[in-house]
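Architecture and fold: a report
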Amino acid sequence: MDKTTISTNTASQNDVREQLYKDMAPHHLTPLWRELHALVPQQPNTPCVAAHWKYEQIRPYLMRAGEVITAEEAVRRVLILENPALKGQSAITQALYAGLQLIMPSEIAPNHRHTQSALRFIVEGSGAFTAVNGERTTMRPGDFIITPSMTWHDHGSDASEPVVWLDGLDIPLIRYLDAGFAENASEKSQTVTRPEGTSFAQFGYNMAPVRTYDSPLGQTSPIFSYPYDKSREALHILETTQPIDAWDGVKLRYINPLTGGAPMPTMATFMQRIPAGFEGLPYRQTDGAIFSVVEGSGSVQIEHKGEKVQFDFSPRDHFVIPSWHTARFSSTSGCVLFSYSDRPVHQALGIHKEERLNHVE
Ligand code: GTQ
């Protein structure tokens, strides 16, 4: 349509159009030309907003939850970290879910399995365990633990203190695809069939069983637990010996040792060290990312469509940087950050995009 046509658009033409839209609506028809720009945006236009959960502010609610309901009754005693712009959707980004799960001494979160993949990142306390496929893994702060799609899993605690971890799941993505199945087991806790450490011994030393050609867990890493002391040591060595990346500091991704790819089909996980005195350059990426602060303190400045926020974070805080929001990190005293995102999905579709800017706007 050229400009002349638009300018000669009469009121009666508009009425005719409105009448058409009204008449077709009962037939579940809607005109594309009124939606096109929103359906095919020039750049990602997420409804999500950047948000920050300070641990000292939310911990009291978690502990109160510990008083009003048992893990067993709740099945999973979790406070969902819900994106403020996605109210009622139990989502922290359009594709991903985040929650903080609490287990008290000697409690059980009963055995079940589901299509959704889950990661656990231990935030507070030691000595709880998660059991996957007959093998238990003890939780310690900073450990990254996997519950692969459709594997039986229960959580329990031999600890003498509350244990809290971050649950990262692909719940919204699976819901979007209408592809989720779930089942409860008849026993609350699964029978242990393999001693703790078996899967790590098989796959965690840059070695693998000679005759295992495929992952026993499909596309998911056969290592259930990636202990923090190893990740921390790697970052420390690289910080002291290698050039520091101007955007990330020192950042490594966790891998499925059998593929070199992300540990789960839908979620990538990262650990990064922001060195003391670091003033990072801004970047943006299509995968929205959720962060858990492991050690130290720092700041992230997030900018989107001219709006800026700054989060000053401390250990055990959580925050989300949504898709295509520009972020830059800084830290006076240094810090360590764990993060996860839906990057493997973007990569599988060939649409992942990242932009690293060379100057601060
Ligand atoms: O531990 O299995 O935060 O199924 C949400 C759903 C945790 C779990 C969550 C779950 C779990």
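A short tour of the structure in this document, coming up. Not measured: the values here are computed from a predicted model.

Concerning the overall build of the chain
Secondary structure summary: the chain contains nine helices and 23 strands in total. The dimensions of the chain, computed from C-alpha atoms along their principal axes, are 80 × 50 × 50 Å. By the burial criterion, 46% of the 361 residues in the chain qualify as buried. Counting every atom, the chain has about 18,400 Å² of accessible surface; 53% of that belongs to carbon and sulfur. In the chain, which carries 31 positive and 40 negative side-chain charges, the distance between the mean positions of the two groups comes to 2 Å.

Comments concerning the sheet that holds strand 22 (residues 335–341)
Judged by pairing direction, the sheet is antiparallel, and its six strands sit side by side in the order 1-20-17-22-14-13 without closing on themselves. At either margin of the open sheet sits one strand with a lone partner, and together these are strand 1 (51–53) and strand 13 (250–253). Neighbour-to-neighbour, the strand axes of the sheet open up by a mean angle of 20 degrees, direction not taken into account. Bridge analysis of strand 1 against strand 20 (residues 318–321) gives three bridges, and the strand direction is antiparallel. When the bridges of strand 20 are listed, W53 appears paired with H318.

Side note on the packing of aromatic side chains
The full count for this structure, using the stated rule, is 14 aromatic pairs. On the basis of an interplanar angle of 85 degrees and a centroid distance of 5.4 Å, the ring pair of Y226 and Y254 is categorised as edge-to-face. With a gap of 28 residues between them, Y226 in strand 12 (residues 225–226) and Y254 in the loop between strand 13 and strand 14 (268–274) connect regions that are remote in the sequence. On the basis of relative accessible area, Y254 is assigned to the buried category, the value being 7%. Ring pairing ties together the aromatic residues F121, F144, Y226, Y254 and F338, which thus form one cluster. Of note, K251 hangs over the ring of F270, and the distance from its end group to the ring centre comes to 4.8 Å.

Remarks on the site of the ligand
All residues in the neighbourhood of the ligand are listed as R76, V78, Y97, Q101, H112, H114, R120, H153, H155, D167 and L169. In this structure, Y97 approaches the ligand through a side-chain N or O atom, which is 2.7 Å from an oxygen atom. Burial of the ligand by the protein amounts to 89% of the accessible area it has alone, namely 290 Å². Counting residues per element, the ones that place at least two in the shell around the ligand are strand 3 (97–103), strand 4 (108–114), strand 9 (153–157) and strand 10 (163–169). Considered class by class, the residues forming the shell around the ligand number three nonpolar, five polar and three charged.

What to know about the pairing of strand 9
By the criterion of burial, strand 9 is predominantly enclosed, with five of the five residues buried. On strand 9, burial covers both faces: H153, H155 and S157 on one face and D154 and G156 on the other are all buried. Examined bridge by bridge, strand 4 and strand 9 share three bridges and lie antiparallel to one another. Paired with H112 across the strands is H153, a residue of strand 9.

Topic: unusual backbone geometry
Its identity is not glycine, yet N206 carries a phi of approximately 60 degrees, on the positive side. Take N206: it is sitting in the loop between helix 7 (198–203) and strand 12. One non-glycine residue, R316, lies in the positive phi region at around 75 degrees. Secondary-structure assignment places R316 in the loop between strand 19 (307–313) and strand 20. A relative accessible area of 33% means that R316 is categorised as partly exposed.

What about helix 4 (residues 55–68)?
For helix 4, which comprises 14 residues, the first-to-last C-alpha distance of 20 Å matches the rise-based estimate of 20 Å (1.5 Å per residue) to within 8%. Packed against the buried residues of helix 4 are strand 1, strand 2 (78–80), strand 3, strand 5 (118–124) and strand 10.

Let's talk about the environment of Q116
Considering the arrangement of structural elements, one finds Q116 in the loop between strand 4 and strand 5. Sequence-wise, Q116 and A268 are 152 residues apart; in three dimensions their C-alpha atoms are separated by 14 Å. In this view, Q116 contacts S149, L169, D170, I171, I174, G180 and F181; residues no more than four positions away in its chain are not counted.

Here we look at the nonpolar core
Grouped together as the largest cluster of nonpolar side chains are 37 residues, with contacts concentrated most on L100, F144, M271, F338 and Y340. Residue contributions to this core peak at four residues, all from helix 4. Every residue in contact with F338, bar those within four places of it in the chain, is listed here: L119, F121, F144, Y254, T269, F270, M271, I290, F291, S292 and V294.

Some details on the sheet that holds strand 9
Strands in a sheet are paired, the pairing made by backbone hydrogen bonds, and the direction either parallel or antiparallel. Across the sheet, five strands lie side by side as 7-6-9-4-11; this open sheet has antiparallel pairing. The open sheet has two edge strands, strand 7 (135–138) and strand 11 (182–184), and neither has a second partner. For this sheet, the mean inter-axis angle between neighbouring strands, taken without regard to orientation, is 25 degrees.

A look at the pairing of strand 18 (residues 298–304)
Of all seven residues in strand 18, five are buried, a share of seventy percent or more. Relative to strand 19, strand 18 runs antiparallel, the two sharing seven bridges. Following the sheet pairing, I302 is matched in strand 19 by V309. Counting the residues in the hairpin turn of strand 18 and strand 19 gives two residues, including K305, whose phi is positive at 50 degrees. Bridge analysis of strand 18 against strand 21 (residues 326–331) gives five bridges, and the strand direction is antiparallel.

The rules behind each value
- Residues numbered from 1 in each chain as written.
- Predicted model: local features only at pLDDT ≥ 70, side-chain atom pairs only at ≥ 80, totals over all residues.
- Heavy atoms only, no water.
- Helix = DSSP H or I, 4+ residues; strand = E, 2+ residues; numbered from the N terminus.
- Buried < 20%, exposed > 50% of the residue type's maximum accessible area, 1.4 Å probe, protein only.
- Areas by Shrake-Rupley, 256 points an atom, 1.4 Å probe, with all protein chains shown as cover.
- Lys, Arg positive; Asp, Glu negative; His and termini not counted.
- Charge placed at Lys NZ, Arg CZ, Asp CG, Glu CD.
- Pairing = 2+ DSSP bridges.
- Axes fitted to C-alpha atoms, helices over the stretch in contact; angles between N-to-C directions.
- Phe/Tyr/Trp six-rings, centres within 6.5 Å; stacked < 30°, edge-to-face > 60°.
- Lys NZ or Arg CZ within 6 Å of the ring centre and 35° of its normal.
- Near = heavy atom within 4 Å.
- Polar contact = N/O pair within 3.5 Å; in protein donor to acceptor, adjacent residues only side chain to side chain.
- Nonpolar A, V, L, I, M, F, W, Y, C, P; charged D, E, K, R; others polar.
- Expected span 1.5 Å × (residues − 1).
- Contact = heavy atoms within 4.5 Å.
- Core = buried A, V, L, I, M, F, W, Y, C linked by side-chain atoms within 4.5 Å.

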